[in-house]
Amino acid sequence: MDATDTSRGKSPLIFFLRKPDRKAIENQSQQSTQNSITDAYELAASMHGYRFFSIAVLETSFDDFQGALADAMNTYWAASKGLADCPVFDCVQLTDEIDTTDRLLVIDQSLMKVTQDVLHAISYSRPIWGLALTSKQAVVAIDKFLTTERGDHWIRTRTALSKEVFAFTVGKATSAALRTSIVRNFVQIVSTPHVKNAKELGEAISYYYKQSVDSTPDRNMLTQGAEVTGQSVPEQDVLWFPCSAIARHDLETSVTDERIRVVRTEVYDTVASVTGVQQLQATLEEATQGQASAFSTPWICCFSPSGVDAVGSVLDKYGCRSEHEPSRIRIAAIGPTTAAALVDTGCTVHAIADEPTALSLMEAIRAQQQP
């Protein structure tokens, strides 16, 4: 028997419990055709012969966090002075009337003052070293700020800082969002294609920092120059981490280089969508009526711990956390973090994707469908 067959002649349903930015199929009779599918997970399900629904069980809120975001950007992403801002260039006027020997002396004194001013400016107003992004919502939150009046002022006063801050991302969606955002103009994007989660991102950032910063001549010159002029250099470089209000601390704990200080700023919140949860309950109720075999058991695919929290009542209703009755649905997780969140709530996870991709998730489900 084919893995997608059932005793009722239909393939099992798969419910993708998506984030707010994913499109939802609101009517069960409005099935997408393969030619009209643009979502990778829906396409993978269709190619494997599964019926599916994408339901947004979460909503994102940005408004309550814009003030904190603006304060963080103005505090940690501060403008540093460039050479053109140093007043020393207006202090010395060299003319042909000055004797050659005197001119060399004036130039030498001028360069010393330039060195002192630049060291002072950099040591006290240096911008953040890095930007860690683990979700596209964080990118959206920053762009929302940059389209406000305060954000416009930030842009106009910091145009010269373009490419001075390194940006690191998790996943293709976050990377794609960054590359088409406003903030991309102020960062140098570091490719991290193999990073799967926040923990791995922290480890990658630590490695990149050691490889790049330790071998940067400018940093060594800055430290030596500060010793000569009596200026101080910051003991730690700031890695700014704009994130969800419910984000875990995996990134902070995985950044092991003591010279990096992770600054966490909550810039958005993700809450349960009442409409989405109601839609899931209604469609599941219909899908589980008269189940003929295990092959017809619907699958729920969870993509985040917050999604797990949002559908807690549904999981209870269908016996996913009961020790006394069999579960009426099967559960798949996009990765180990989401799987751990499910297990913590008492659920049995039937399939876990090896990688956070549509193909890997479908392969994990298909393996469990084999008779």
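Small disclaimer: the values here were computed from a predicted structure and weren't measured. (Residues numbered from 1 in each chain as written. Predicted model: local features only at pLDDT ≥ 70, side-chain atom pairs only at ≥ 80, totals over all residues. Heavy atoms only, no water.)

Enquirer: Could you give an account of the overall build of the protein, with specific residues and numbers?
Expert: Along the backbone of the protein there are 14 helices and eleven strands. In the protein, which comprises 371 residues, the proportion classed as buried is 44%. Partitioning the intrachain contacts of the protein with sequence separation of at least 6 by distance along the chain shows that 73% fall at a separation of at least 24. By element, 50% of the accessible surface of the protein is carried by carbon and sulfur atoms, the whole surface being about 18900 Å². (Helix = DSSP H or I, 4+ residues; strand = E, 2+ residues; numbered from the N terminus. Buried < 20%, exposed > 50% of the residue type's maximum accessible area, 1.4 Å probe, protein only. Contact = heavy atoms within 4.5 Å. Areas by Shrake-Rupley, 256 points an atom, 1.4 Å probe, with all protein chains shown as cover.)

Enquirer: Help me get a handle on the sheet that holds strand S3 (residues 58-61), residues and values and all.
Expert: The strands that make up a sheet are held in pairs by hydrogen bonds between backbone atoms, and each pair lies either parallel or antiparallel. Strand order in the open sheet made by the six strands is S3-S8-S7-S4-S5-S6, with mixed pairing throughout. Taken across any chain shown, the strands that pair with only one partner, and hence form the sheet edges, are S3 and strand S6 (187-189). Within the sheet, the average angular offset between the axes of one strand and its neighbour, ignoring direction, is 30 degrees. Judged from the eight bridges that link them, strand S7 (residues 237-244) and strand S8 (residues 260-272) form a sheet pairing that is parallel. From the neighbouring strand, Asp237 faces S8, where its bridge partner is Ile260. Running over the sheet, helix H7 (residues 198-213) touches strand S4 (130-133), strand S5 (165-169), S7 and S8 and is turned about 150 degrees from S5. (Pairing = 2+ DSSP bridges. Axes fitted to C-alpha atoms, helices over the stretch in contact; angles between N-to-C directions.)

Enquirer: If you had to explain helix H1 (residues 40-47) to someone new, which residues and values would you point to?
Expert: Within H1, burial applies to Tyr41, Glu42, Ala44, Ala45 and Ser46. Phi for Gly49, located one or two positions after H1, is positive at around 85 degrees.

Enquirer: Could you give an account of the environment of Gln236, with specific residues and numbers?
Expert: Tracing the backbone shows Gln236 in the loop between helix H8 (217-229) and S7. The class for Gln236 is partly exposed, based on a relative accessible area of 33%. Other than its neighbours up to four places away in sequence, Gln236 contacts Glu258, Arg259, Ile260 and Arg261. A distance of 2.9 Å separates the side chain of Gln236 from the backbone oxygen of Glu258, its partner in a polar contact. (Polar contact = N/O pair within 3.5 Å; in protein donor to acceptor, adjacent residues only side chain to side chain.)

Enquirer: How would you explain the confidence of the model for the protein if you had to name every residue and give the values?
Expert: In this model, the protein carries an average pLDDT of 74, and 67% of its residues clear a pLDDT of 70 or more. Across residues 21-37, confidence stays below pLDDT 50; counting only partners more than four residues off in sequence or on other chains, it has 34 contacts. Across residues 221-229 the pLDDT falls below 50, and counting only partners more than four positions away or on other chains, this stretch makes ten contacts in the model. (pLDDT = per-residue confidence, 0-100.)

Enquirer: Which residues make up the pattern of salt bridges, and what are the values?
Expert: Evaluated as defined, the whole model comprises six salt bridges. The partner of Arg156 in a salt bridge is Asp152, and the shortest N-O contact between them spans 3.0 Å. One end of the pair, Arg156, and the other, Asp152, are both in helix H5 (residues 149-158), four residues apart, so they sit about a helical turn from each other. Exposure remark for Arg156: the relative accessible area of 55% places this residue in the exposed category. (Salt bridge = Lys/Arg side-chain N within 4 Å of Asp/Glu carboxyl O.)

Enquirer: Tell me about the nonpolar core, residues and numbers included.
Expert: Membership of the largest hydrophobic core comes to 28 residues, with the highest contact counts inside it found for Leu69, Met73, Trp77, Leu131, Ile142 and Trp240. Put simply, the parts of the chain that give this core at least two residues each are helix H2 (66-76), S4, helix H4 (136-146), S5, helix H6 (171-179), S7 and S8. A total of six residues in this core trace back to one element, the largest contributor, which is H4. (Core = buried A, V, L, I, M, F, W, Y, C linked by side-chain atoms within 4.5 Å.)

Enquirer: Kindly report on the packing of aromatic side chains, identifying the contributing residues and their values.
Expert: Following the criterion strictly, the structure yields twelve aromatic pairs and no others. Of the aromatic side chains, those joined through ring pairs into one cluster are Trp129, Phe166, Phe168, Tyr208 and Tyr209. (Phe/Tyr/Trp six-rings, centres within 6.5 Å; stacked < 30°, edge-to-face > 60°.)

Enquirer: Any details on the environment of Leu361? Residues and values, ideally.
Expert: Here Leu361 lies in helix H14 (residues 358-369). Accessibility expressed as a relative area gives 1% for Leu361, which makes it buried. Once residues lying within four places of it in the same chain are set aside, the contact partners of Leu361 are Phe16, Tyr41, Cys301, Phe303, Ala332, Ala333, Ile334 and Ala353.

Enquirer: Now, about H7: what can you tell me, with residues and values included?
Expert: In this model H7 runs 22 Å from its N-terminal to its C-terminal C-alpha over 16 residues, within 8% of the 22 Å that 1.5 Å per residue would give. For H7, the full list of buried residues reads Ala198, Leu201, Gly202, Ile205, Ser206, Tyr209, Ser212 and Val213. Viewed end-on, H7 has its buried residues packed into an arc of 150 degrees, placing them on one side of the element. The N-cap residue of H7 is Asn197: its side-chain oxygen and the backbone nitrogen of Lys199 are 3.2 Å apart. (Expected span 1.5 Å × (residues − 1). Arc of directions from axis to C-beta.)

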